[in-house]
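Understanding the architecture of this molecule
Residues per chain are reported as follows:
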Amino acid sequence: MMRVLVTDGEMNKALAVVRAISDDTTWTGVTSRFPLSPAGVSRHTDAQHWLRDATPDGVVDGLNRLAGDYDALLPVGGGTFEIVSEHRDRLDFPVERLLPPQDAMRVALDKHRTYAHAEREGIPVPNSARVTDSDDLREVIERVGFPAVLKTGSETEARFVRIAENADELRDAYRAYTADHDVDPVVQAYLPGATRGYFGLFDDGDLLGGYAHRRVREYPPEGGASACAESTQDDELRAYAEGLLGPLDWTGVAMIEFKEDAAGTPSVVEINPKIWGSLDLAIASGMNFPAALLDLAAGREPRDFTFAPRRVHWPLSGDLTHAWRRPSSAPAVLRDCYSKHTRSNVRLGDPIPHAVEAGITLVRQDL
């Protein structure tokens, strides 16, 4: 049994983490950028810590101030994962068994390096080009064609995705992107097929357990985080995941996102080197990755996983607002709310986080 500090309590996936590790901890603390967070008010949380300084130095110093009270650290958010990885030598927590090698993390965070690595390993990627300045656009247009997608080149930059149907739209998208982004963007051929994802836990490049999922509904409805999803096994994506992360000696969790072309062939579009938003689906499917990460942190043999397909939805942080924005989906959302076959992250025995969760959703959506 361990004393564990979980970061980013304002994120719903942190709530999933503190619940998932409750049987393996004697004391659980939660950090947050706000004085109140869903994970921080869970009955499974023993202490809340308000860390207001989100700069790398502020995060490292804040975590180190707490290190004497805890045995292990579980980073949750993408920004925290990047900071912990880049500054692991300054941290007073043992994190090497939770993270991939530093250069592997950099490959995952930089989409340009991700695509180059995937191509070396023979894994399909979209036809893509890096844009360093506006003069590159003519050559990029000739290489990529239309429709094209312009998006951020870094996994931890603010999200930006714009589809361009012609050169003028691409130039407008580039100007909008460079107004508030510093990293060179990626322009790539638009892939019209389905989005697929593979989620796994690795130890020195070996896949300990993984699964794929199908997004049933998203929020926002036009495309975003899962509001309802189903887990499955996918041998094709598993092979790609092992081929992509195995050579990087990956340790820890990762989610790999794929997009299909018109023929149904999946291409790697990004590696998310962090805990993902739909973590509740993994846990419901028998994949308790947070508890297994504690096994790794403690030097124990990671526990075995027994996968079972599940359907999960997130009513207060996605599904009900999906129905608000797209009324035609309301009957399906309500069916999932009442179906005994669909699970949710709502726990009647741990209700206070959901009051906070609902309040955050209302404020964000200005409903």
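Notes on the structure in this doc start here.

Here is what the cut-offs are and how they apply
- Residues numbered from 1 in each chain as written.
- Predicted model: local features only at pLDDT ≥ 70, side-chain atom pairs only at ≥ 80, totals over all residues.
- Heavy atoms only, no water.
- Salt bridge = Lys/Arg side-chain N within 4 Å of Asp/Glu carboxyl O.
- Helix = DSSP H or I, 4+ residues; strand = E, 2+ residues; numbered from the N terminus.
- Axes fitted to C-alpha atoms, helices over the stretch in contact; angles between N-to-C directions.
- Parallel < 35°, antiparallel > 145°, perpendicular 65-115°, else oblique.
- Left-handed = near helix turned anticlockwise from the far one by under 90°.
- Contact = heavy atoms within 4.5 Å.
- Nonpolar A, V, L, I, M, F, W, Y, C, P; charged D, E, K, R; others polar.
- 1 Å grid on protein atoms, 1.4 Å probe; cavity = no way out; pocket = protein on both sides within 12 Å on 5 of 7 lines; lining within 4 Å.
- Points joined across faces, edges and corners; volume = space filled by probe spheres on them.
- Phe/Tyr/Trp six-rings, centres within 6.5 Å; stacked < 30°, edge-to-face > 60°.
- Buried < 20%, exposed > 50% of the residue type's maximum accessible area, 1.4 Å probe, protein only.
- Lys NZ or Arg CZ within 6 Å of the ring centre and 35° of its normal.

1. Examining the pattern of salt bridges
The tally for this structure, following the rule as stated, stands at 27 salt bridges. Across the pair Asp184 and Arg130 runs a salt bridge, and its minimum N-O distance is 3.2 Å. One end of the pair, Asp184, is in the loop between helix H7 (167-178) and strand E8 (186-189); the other, Arg130, is in strand E5 (residues 128-130), with 54 residues separating them in the sequence. With a shortest N-O distance of 3.8 Å, Glu242 and Arg238 are connected by a salt bridge. Here the residue Glu242 and the residue Arg238 both occupy positions in helix H8 (residues 235-245), the gap between them amounting to four residues, near one helical turn. A network of salt bridges, in which partner residues are shared, links Arg214, Arg217, Glu230, Arg311, Asp319 and Asp336.

2. Observations concerning the packing of helix H11 (residues 315-325) against helix H12 (residues 330-338)
Where H11 meets H12, the axes come as close as 9 Å, and the angle between the chain directions of the two elements is 155°. Between H11 and H12, the interaxial angle falls into the category roughly antiparallel. The two elements H11 and H12 cross, and the hand of that crossing is left-handed. Contacts between H11 and H12 involve Asp319, Leu320 and Ala323 on the former and, on the latter, Ala330, Val333 and Cys337. Residue composition of the contact of H11 with H12, grouped by class: five nonpolar, no polar and one charged.

3. Topic: empty space enclosed by the protein
Under the defined criterion, the tally for this structure stands at one cavity of 30 Å³ or more. Quantified by volume, the largest cavity comes out at close to 30 Å³. For the largest cavity, the full set of lining residues is Leu74, Pro75, Phe81, Leu98, Val253 and Leu293. Residue classes in the lining of the largest cavity are distributed as six nonpolar, no polar and no charged.

4. A look at the packing of aromatic side chains
Applying the stated criterion to the full structure yields eight aromatic pairs. Taking the centre distance of 6.5 Å and the plane angle of 20° together, the rings of Tyr211 and Phe289 count as stacked. Residue Tyr211 is located in strand E10 (residues 206-219), and its partner Phe289 is located in helix H10 (residues 289-297); the two are separated by 78 residues in the primary sequence. The residues Tyr211 and Phe289 share a single accessibility class, namely buried. Here a set of aromatic residues connected by ring pairs shows up, and it is made of Phe199, Tyr211, Trp276, Phe289, Phe305 and Phe307. Positioned over the ring face of Trp50 is Arg52, at 4.2 Å from the centre of the ring.

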